[in-house]
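# Fold and contact review
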Amino acid sequence: MENLESILNKEQCEAVRETEGPLLVLAGAGSGKTRVLTHRIAYLIENCGVQPWNILAITFTNKAAGEMRDRVDKIVGLRGREVWVSTFHSMCVRILRRHIDRLGYNSDFSIYDTDDQRTVMRKVFKDLNIDSKNLKERAVLAAISKAKNEGLTPVEYRDQISGGDYNEKKIAECFTLYEKILHQNNAVDFDDLLLKTVELFDTEPEVLEYYQERFKYILVDEYQDTNDIQFNLVDKLAGKYKNICVVGDDDQSIYKFRGANLENILSFEKSFPGAKVIKLEQNYRSTEKILDCANAVIAHNTGRKQKRLWTDHKGGKDVTFKEFDGANDEANAVIREVKDCGRSYHDQAILYRTNAQSRLLEEQCIKMNVPYQIIGGVNFYQRREIKDVLAYMKIIANDSDNVAFERIINVPKRGIGEATLEKLRVFAAANSTSEHTVTMYEAATKAGIIGIGGKAGKMLQEFVNMVENWKDKLRYAGYLNEKAVDEDSYSIQRLIESIRDDSGYGEEIKLEGVVEAETRFQNIEEIISKASDYQKNAEEPKLSEFLEEVSLVADIDRKDDNTDLVTLMTLHGAKGLEFPKVYLVGMSDGLFPGYKSMNEHDDLEEERRLCYVGITRAQDELVMTSARTRMVNGNYERMKPSMFIDEIPDELCQKTTLNRYGEDEMPFADAFGGGSFGGGSFGGSSYGSGSYGDYRKSRRENQRYDERDEYRHDDDFGNVIGGRGNSHSGRNSSGGFSGGSSGGFGVNSYGLSGMGSTGYTGRSGSSYGSGRKSGSGIPKSLQTTGVQKLSSLDYKVGDTVSHIKFGKGTVLSIVDGKKDYEVTVDFEKAGQKKMFASFAKLKKI
DNA sequence: CCTTAGGATGTTTTT
DNA sequence: CATCCTAAGG
Ligand SMILES: Nc1ncnc2c1ncn2[C@@H]1O[C@H](COP(=O)(O)OP(=O)(O)OP(=O)(O)O)[C@@H](O)[C@H]1O
C-alpha cells in the first residue's frame, strides 16, 4: 500500500494504526472520518494480516456501503469483496436468513414497511374493536416502535404501564396482537430486524460466539445516529475481542425521531473501558467562510463535546442569504441560479427540510428545463405498482404473508371482495391449531371445500393455479429452497414480467389511463432491471433474498451520480454527502426549524444540528434562501427568516431581507409602510400551539416578532442593495418567471433518459398523474406529450430501431392495443422489452 | 361486489 | 391541499 502519510494526516494515520481495542474517532464534519474507516480496513488486511472476512464495517446507507467496498477494493484488490460492509439492517437480514428458524420463523420471512405495518394495525384495531378516533394507528405504531427500541416485549410493556392509563392498556393489547399477526405472517418489521438479531444472540450463545469470532474487527460509521438496539448489537458482537472502532460527530446526530441515542457516542468511553479517543480537527471539505458559518450556528448548542475544526481553504466565496417574497419566487430564483451559475448540475444540490418543498422546485426545474433528480418523497418501493408486484412475489416466496395476499388477491379485479375474504378468514381461524396456522393462501386452495362457489370460487382456484405454476418454475430453476434442476430455465425477471403480463395486472394498469400506465410500467421495468442486477451478483439467487434486499433499499441508494443532474433532497438525505455548491432553501422559522421543534429545547438543538449538517455539505459555495410567504396546508403563512440565519454573524454572510409585513397588510399588498422588525428571539409560544392555519393568530404573533428585530436586519445589511423596499424586487426574480414556460419541453427530453430512474418518473405518476384535472402548474406539454396514440408508426416488424435508453434493437411485433400500440423489441444490449409506442419514442434507423 | 362521492383528517425528518 | 376512509348507489 502507498504510504499512509501521503493520504492521511497525522491523526488520521493514528486512527488507522490503532487497530486493537476500542477506539472512538470524534470529529467534526468533513474531517475525513469516513476516509479513516476505508483506510483502516485496508490497513488491517494489508498490514496486520487480518482476514477480510473477519472485518465488519457498518455504514449508514447501502450506497455508502457500496462506495466503501469499492474504495477498499481499489486499495487491496479483490479480497475486499470478502469484507462485510453493510448497514445494520442489511447485516441483520443476512444473519437472520441463516438463523431465524431458531426463533420460530422461516428464512423466507417478509419484511413489512410502514405501509404494511399500518395495514396490520388496521386489522388489529378491527379485531380489538378500537375506534380510530380515540387512538391513532400511527400513534400506536410509534409507541410500539419505541417500546421495541427499549427492548420491551408486549408482556413487559404491559407490566410497566404506569397505573391504569386506558390508552396505554389498549396499546399494550395492540402490541400483543400486532406481534402475533406478524409472527403468523412470518413477517418482521424494520425494528424487528435489529431486535430479533439481538434476541437470537441472547437465546443462542453459540450463534453469538460464531459471529464474535467471525467479526474480530468491527467498524461503525455515523455512530452518533445509532439507536439502543444497534448499540446492543455492537456491544455483543464486540464483546469478545473488543476491537471496535466507531467514528462520528455528536453535532451531526439528526435521527433522534427514529430512536437514535446521542448517549451512545457521548459515553462510548464508559461503555468500552479503556477506549482511546482520537479527534480530527482539519476539515478538508469546505472553504473557511462556509466552515465559519457552520461553527457559528452549532456554537449555539449546549452540552457538546468540544471539537476544533479548521481548514486550509482560506477565504472562498461569500456565503449568502436572501429572502424572497413568495415561495415561488424563491424556487424560481434558485433554479435560475442553478442553471446560470456556470457549474455543472451534477455539482449542485438543493436541500430542504421537508419533502413537500420539493414540489415548487420541481415545477421550476421543469419550466426552465433543468435536469434534476429528487431523492425521497414517496419511496420507490412504496409505489403502488411496485408494492403490488412485490406482493405477488411475497406470496410466492412466503405464503404465510396474509398482508400480501389480501393486497393482491383482488388486483386485478377478480370479483373477490370482503365477503369472500371473510369466509377465508373464518376458515383459516377455525382450522388453525397451535402447531399449524392456516394461512389465507392455504384457505384459498380449499375454496371448494369451504363452500365458496360461483365466480369467486373459480377465480380463487385460478389464482392458486397461477401461483403454483410460478412456484414450480421457480423451484425447478432453484429460486426457492430446493436445488436447481435447470438454473437457466427461469429467472426473477421473467417472473416479474409474467406477473405483469399473465395475471391481468398489466392490463388493469393500462385502463387507468396512458400517462399513469406508462409511469407504472416504467417503474416495473426498473424493478425488473433491479432483479437482473441482483441475479448477476448473487452466487445462488433466491427469490426471498431478493425480496429482502429490495425491502431495505432507501431512497438515497438510488441516487444517480453519473448523470448531470441537480440533486434535490431533504437535509436528512444529504448526510455524509458533499457538493461544490449547496442551496439551503426554505430557511424560515416554522419550517426550519419546524414549528414543532421550537418549544422543545432538545428538538431545537437537533434542528440546529441538521442545519450544521446542511451547511457543511458545501465545498465551495453556499446559498441560503427563504420566502416571506408560503403556502402551508392550503393557506398562506407569513414567515420570518430562520433563527439560524440570525445566528450567523453578519460579517460571515451577506444577508438580504425584506421588511416584515405590517399587521393589516395582505401578503401581496404593498409592504413598505409597516416595516416593523422581528428577529432574534423567537420565543417559545409563537408556533407553540400552532394548530392548523389559525391565520389571524399566527399573523398577530408574527407581528410581535416583527416589532423587535428588523432594525438589526436593516442596519446590518446596509451593504446589500436595498434590503428595504425589496418586496417588489422579490418580484423581479419572478420577472423571468413567465418566460420560463417556453415550450419545447417534452417528456422525452429527459423523462426517459437516466433521469427516468428517479424523481420525475415516479412523481408524475403519484402526484401529478391524477392531477390532470387541475392544472397544477405543470406545463401542458408535460401532461400530454407522449400520451396520444400515434396514428401510425414509422417502423414495422423487422425494422431496426433505437431507444433512448436501451439502444439498438429489432422490432419483433406490434400489437394494436386499445389505447396504444404495444411494441416488442429485441435489443442488442437489454434483451427483449415490451413497450408502448407513444411512449418509447423509438426511432427507425 | 364494485364504483364514486363526499367528508373528515392531518404533516417534519426514514431504515 | 391531499390523502385516506366511509357510506351510499349501481
Ligand atoms: N487527509 C486528507 N487529505 C485530503 N483530503 C481529505 C483527507 N481526509 C479527507 N479528505 C477529503 O475530505 C472530504 C471529507 O471526508 P469524509 O467524507 O471522510 O469526512 P467525514 O468526516 O466522514 O465527513 P462527515 O462527517 O461530513 O460525514 C472528502 O472529500 C475527503 O476526500
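Residues numbered from 1 in each chain as written. Chains lettered and ligands numbered in written order. Predicted model: local features only at pLDDT ≥ 70, side-chain atom pairs only at ≥ 80, totals over all residues. Heavy atoms only, no water.

### A short note on the overall build of chain A
Stated precisely, the cut-off is as follows: By the criteria applied, helices consist of DSSP H or I runs no shorter than four residues and strands consist of E runs no shorter than two, each listed in order from the N terminus. Here the term buried applies to any residue with accessible area under 20% of the maximum for its type, exposed to any over 50%, and partly exposed to those in between, with areas from a 1.4 Å probe on protein chains only. By definition in these notes, contact holds between two residues if any of their heavy atoms fall within 4.5 Å. Each accessible area is a Shrake-Rupley result for a 1.4 Å probe, and residues are judged covered by the shown protein chains and nothing else.
A tally of regular secondary structure across chain A gives 35 helices and 23 strands. For chain A, the proportion of its 845 residues judged to be buried stands at 57%. Restricting the contact set of chain A to residue pairs at least 6 apart, pairs at least 24 apart contribute 75%. Only carbon and sulfur atoms are counted for the fraction: they give 49% of the accessible area of chain A, which is about 35100 Å².

### Comments concerning the side chain of Asn-54
Within the element layout of this structure, Asn-54 appears in the loop between helix H2 (33–47) and strand E2 (55–58). For Asn-54, a relative accessible area of 11% translates into the label buried. When near neighbours in sequence (up to four residues on either side) are disregarded, Asn-54 contacts Glu-213, Arg-214, Phe-215, Lys-216 and Tyr-217.

### Structural notes on the sheet that holds strand E3 (residues 84–86)
The condition is simple: What makes two strands pair is DSSP finding at least two bridges between them. Only the stretch in contact is used when a helix axis is fitted, and all axes are lines through C-alpha atoms; the angle between N-to-C directions ranges over 0 to 180 degrees.
Pairing within the open sheet is parallel, and its six strands lie in the order E3-E2-E6-E7-E1-E8. Where the open sheet ends on each side, the last strands, each with one partner, are E3 and strand E8 (276–280). Each strand axis lies, on average, 10 degrees off the axis of its neighbour in the sheet, ignoring direction. Across five bridges, strand E1 (residues 23–27) lies against E8 in parallel orientation. Looking across to E8, one finds that Val-25 is bridged to Ile-278. The sheet strands contacting helix H1 (residues 10–17) are E1 and E8, and the helix crosses E8 at an angle near 150 degrees.

### Concerning the pattern of salt bridges
Should the charged atoms of two oppositely charged side chains come close, the side chains can pair. The line we're drawing: Here, a salt bridge means any side-chain nitrogen of Lys or Arg that lies within 4 Å of a carboxyl oxygen of Asp or Glu.
Using the criterion set out here, one finds 70 salt bridges in the structure. Close ionic contact of Asp-70 with Arg-81 constitutes a salt bridge, the shortest N to O distance being 3.4 Å. Of this pair, Asp-70 sits in helix H3 (residues 62–76) while Arg-81 sits in the loop between H3 and E3, and the two are 11 residues apart along the sequence. The salt bridge involving Glu-507 is made with Lys-510; its shortest N-O contact spans 3.4 Å. Taken together, the positions of Glu-507 and Lys-510, both in helix H24 (residues 505–510) and three residues apart, correspond to about one turn of that helix.

### Details of the protein's contact with DNA strand C
The cut-off we apply is this: Being near a molecule or strand, for a residue, means having at least one of its heavy atoms within 4 Å of it. Here a polar contact means two N or O atoms within 3.5 Å. Within protein one must be a hydrogen donor candidate and the other an acceptor candidate, and residues neighboring in sequence count only if both atoms are side-chain atoms. Just so you know the grouping, Ala, Val, Leu, Ile, Met, Phe, Trp, Tyr, Cys and Pro go in nonpolar, Asp, Glu, Lys and Arg go in charged, and all remaining residues, Gly too, go in polar.
DNA strand C sits among Arg-118, Arg-122, Arg-359 and Gly-634. One of the side-chain N or O atoms of Arg-122 is found 3.3 Å from a phosphate oxygen in DNA strand C. Partitioning the surface near DNA strand C into residue classes produces no nonpolar, one polar and three charged.

### Points about the site of the ligand
Put simply, the rule is: Reported domain spans reflect what an automatic or database domain assignment gives.
Inspection of the region around the ligand gives 19 residues, with Gln-12, Lys-33, Thr-34, Arg-285 and Glu-578 positioned closest. Separating an oxygen atom of the ligand from a backbone N or O atom of Ser-31 is a distance of 3.2 Å. One nitrogen or oxygen atom from the side chain of Arg-617 is found 2.8 Å from an oxygen atom belonging to the ligand. The fraction of the free accessible surface of the ligand (630 Å²) that becomes covered by protein chains is 82%. Split by residue class, the shell around the ligand holds four nonpolar, nine polar and six charged. For the shell around the ligand, the domains that each give at least three residues are domain 1 (4–101 + 193–282) and domain 3 (319–377 + 560–656).

### Thoughts on H3
Threshold: Given the number of residues in a helix, its expected span is that number minus one, multiplied by 1.5 Å.
Compared with the 21 Å implied by 1.5 Å per residue over 15 residues, the 21 Å span of H3 between its first and last C-alpha is a close match. Within H3, burial applies to Lys-63, Ala-65, Met-68, Val-72, Asp-73 and Val-76. On its buried side, H3 packs onto H2, E2 and E3. Where H3 ends, the next residue or the one after it, Gly-77, has phi of about 80 degrees, a positive value.

### Structural notes on the packing of helix H6 (residues 137–149) against helix H8 (residues 166–184)
Any two packed helices are characterised by how steeply their axes cross, that is the angle between the axes, and by the distance between the axes. Test applied: Just so you know how the angles are binned, under 35 degrees is roughly parallel, over 145 roughly antiparallel, 65 to 115 roughly perpendicular, and the rest oblique.
Put simply, H6 and H8 touch, their axes get as near as 10 Å, and they point 75 degrees apart. Here H6 is positioned roughly perpendicular relative to H8, judged by the angle of their axes. Between H6 and H8, the contacting residues are Val-140, Leu-141, Ala-143, Ile-144, Ala-147 and Lys-148 on the first element and Ile-171, Cys-174, Phe-175, Tyr-178 and Glu-179 on the second. Partitioning the contact of H6 with H8 into residue classes produces nine nonpolar, no polar and two charged.

### Observations regarding the protein's contact with DNA strand B
Near DNA strand B there are 26 residues, and of these Lys-136, Arg-353, Ala-419, Lys-596 and Asn-633 occur at the shortest range. Here the atoms of DNA strand B within 4 Å of the protein split so that 59% fall in sugar or phosphate, with bases taking the remainder. Here a phosphate oxygen of DNA strand B and a side-chain polar atom of Arg-138 are 3.3 Å apart. Asn-410 has a polar side-chain atom sitting 2.8 Å from a phosphate oxygen of DNA strand B. Of the residues contributing to the surface near DNA strand B, the split by class is seven nonpolar, 11 polar and eight charged.

### Looking at the packing of aromatic side chains
Heads up, the condition is: For Phe, Tyr and Trp, rings pair up if their centres lie within 6.5 Å, where Trp contributes its six-membered ring, and each pair is then called stacked (planes under 30 degrees apart), edge-to-face (over 60) or tilted (otherwise). Two conditions define a charge sitting above a ring: the NZ of Lys or the CZ of Arg must be within 6 Å of the ring centre, and it must be within 35 degrees of the ring normal.
Taken as a whole, this structure holds 17 aromatic pairs when the rule is applied. With 6.4 Å between their ring centres and 50 degrees between their planes, Tyr-392 and Phe-463 make a pair best called tilted. With a gap of 71 residues between them, Tyr-392 in helix H17 (residues 384–397) and Phe-463 in helix H22 (residues 454–476) connect regions that are remote in the sequence. A single burial state applies to Tyr-392 and to Phe-463, both of which are buried. An aromatic cluster of at least three residues, connected via ring pairs, comprises Trp-84, Phe-201, Tyr-210, Tyr-211 and Phe-215. Seen from the ring of Trp-84, Arg-94 lies directly overhead, with NZ or CZ sitting 3.8 Å from the centre.

### A closer look at the nonpolar core
Under the convention used in this document: By nonpolar core is meant a set of buried Ala, Val, Leu, Ile, Met, Phe, Trp, Tyr and Cys residues that side-chain atoms within 4.5 Å join together.
Formed by 60 residues in total, the largest nonpolar core has its most connected members in Met-393, Phe-405 and Leu-543. Not counting residues up to four positions away in its chain, the partners in contact with Met-393 are Ile-492, Leu-495, Ile-496, Ile-499, Leu-543, Phe-546 and Leu-547. Core analysis: the next-biggest nonpolar cluster, separate from the first, contains 43 residues, Leu-26, Ile-58, Leu-103 and Tyr-105 among them.

### A word on the pairing of strand E12 (residues 348–352)
Where burial is concerned, most of E12 is hidden: five out of the five residues are buried. Residues Gln-348, Ile-350 and Tyr-352 point to one face of E12 and Ala-349 and Leu-351 to the other, with burial holding for every one of them. Across four bridges, the pairing between E12 and strand E15 (residues 579–584) is parallel. The residue of E15 that forms the bridge with Ala-349 is Val-582. Where E12 lies against strand E14 (residues 566–570), four bridges are found, and the strand directions are parallel. Residue pairing for E14: Leu-351 is matched across the bridge by Met-569.

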